[in-house]
Amino acid sequence: MENDTALLNIQAHSLYQLCEKLPDCRLPQGIRHRYASILTIAFAGILSGACSYLEIGEWAQSLTVAQLKKLGVRRQGYKYLAPSESTLRRTLQRTNPKQLDQILGAWVSANLPEKYKALACDGKWLKGSNSKGRTIKLMAALTHDSAVVVSQTSVPDGTHGFQYEVQLSVGR
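Residues numbered from 1 in each chain as written. Predicted model: local features only at pLDDT ≥ 70, side-chain atom pairs only at ≥ 80, totals over all residues. Heavy atoms only, no water.

Draft legend 1. A look at the nonpolar core. Counting residues in each nonpolar core, the largest one holds 30 residues, and the members touching the most others are L39, I41, L71 and L88. Breaking this core down by element, the ones donating at least two residues are α2 (12-19), α3 (35-47), α4 (53-61), α6 (85-94) and α7 (97-111). When residues of this core are assigned to their parent elements, the largest contribution, eight residues, is made by α3. (Core = buried A, V, L, I, M, F, W, Y, C linked by side-chain atoms within 4.5 Å. Buried < 20%, exposed > 50% of the residue type's maximum accessible area, 1.4 Å probe, protein only. Helix = DSSP H or I, 4+ residues; strand = E, 2+ residues; numbered from the N terminus.)

Below, the structure written as structure tokens:
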């Protein structure tokens, strides 16, 4: 995977500052990496084309020292070390998805170029998901050209997604 640095050179700091607002979900012992920098690296990796935890981890390991500094990574001894795939995976799995969605949706909304401001809404049934015997339905608002998801919400059973489209669009 190529090391796409477009985000790193333009808006990494603003993303890091938003991620700092999220409460750290990890236990205090054994923490090596800042919570905000793990989230920033994961999101930047996804925006650069990573589609799995392994790809995000590989992308993180390919970053230069200058890029790691921009993403808020602390120096450990005389080196800047990117978080490993397992650290990224465990942290993302423990993070509150609603809080993360709000922070990242706000950042994407604020940092998208004006030409991407038109939104489309799309509903999905999550195949294989089973929450209390019911399949989970999601409604997402995404940009037309880049297909970046700006906001997403679950839709209760027995309702249609139309009322949620308006909330997603207005919530931007």
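Draft legend 2. Fine view of the packing of α4 against α6. Here α4 crosses α6 at 125°, and the two axes come no closer than 8 Å. Relative to α6, the element α4 is oriented oblique. Both α4 and α6 take part in a crossing whose hand is right-handed. Across the interface between the two elements, Y53, L54, I56, G57 and A60 of α4 pack against E85, L88, R89, L92 and Q93 of α6. Of the residues in the contact of α4 with α6, the class split is six nonpolar, two polar and two charged. (Axes fitted to C-alpha atoms, helices over the stretch in contact; angles between N-to-C directions. Parallel < 35°, antiparallel > 145°, perpendicular 65-115°, else oblique. Left-handed = near helix turned anticlockwise from the far one by under 90°. Contact = heavy atoms within 4.5 Å. Nonpolar A, V, L, I, M, F, W, Y, C, P; charged D, E, K, R; others polar.)

Draft legend 3. Quick peek at the pattern of salt bridges. Scanning all chains against the criterion turns up one salt bridge. Between R89 and E85 there is a salt bridge, with its nearest N and O atoms 2.9 Å apart. Pair noted here: R89 and E85 are both in helix α6, with a separation of four residues, about one helical turn. (Salt bridge = Lys/Arg side-chain N within 4 Å of Asp/Glu carboxyl O.)

Draft legend 4. Fine view of the confidence of the model for the chain. Per-residue confidence for the chain gives a mean pLDDT of 75; residues scoring 70 or more make up 72%. Mean pLDDT across the elements of the chain bottoms out in helix α8 (residues 162-171) (47) and peaks in α4 (91). Low confidence marks residues 165-172, where pLDDT is under 50. Its contacts with residues over four positions away, or in another chain, come to 14 contacts. (pLDDT = per-residue confidence, 0-100.)

Draft legend 5. View of the side chain of H33. With respect to the helices, strands and loops of the structure, H33 is situated in the loop between α2 and α3. The buried category is assigned to H33, whose relative accessible area is 9%. Those residues within four positions of H33 in sequence are excluded, and the remaining contacts are R26, I38, Q76, L81, A82, P83 and T87.

Draft legend 6. Region of interest: the packing of aromatic side chains. In total, this model carries one aromatic pair according to the counting rule given. Ring centres of F43 and W107 lie 5.6 Å apart, and the angle between their planes is 85°; on these two criteria the pair is classed as edge-to-face. Placement of F43 in helix α3 and of W107 in helix α7 is noted, with a sequence separation of 64 residues between them. The burial state of F43 is the same as that of W107; both residues are buried. (Phe/Tyr/Trp six-rings, centres within 6.5 Å; stacked < 30°, edge-to-face > 60°.)

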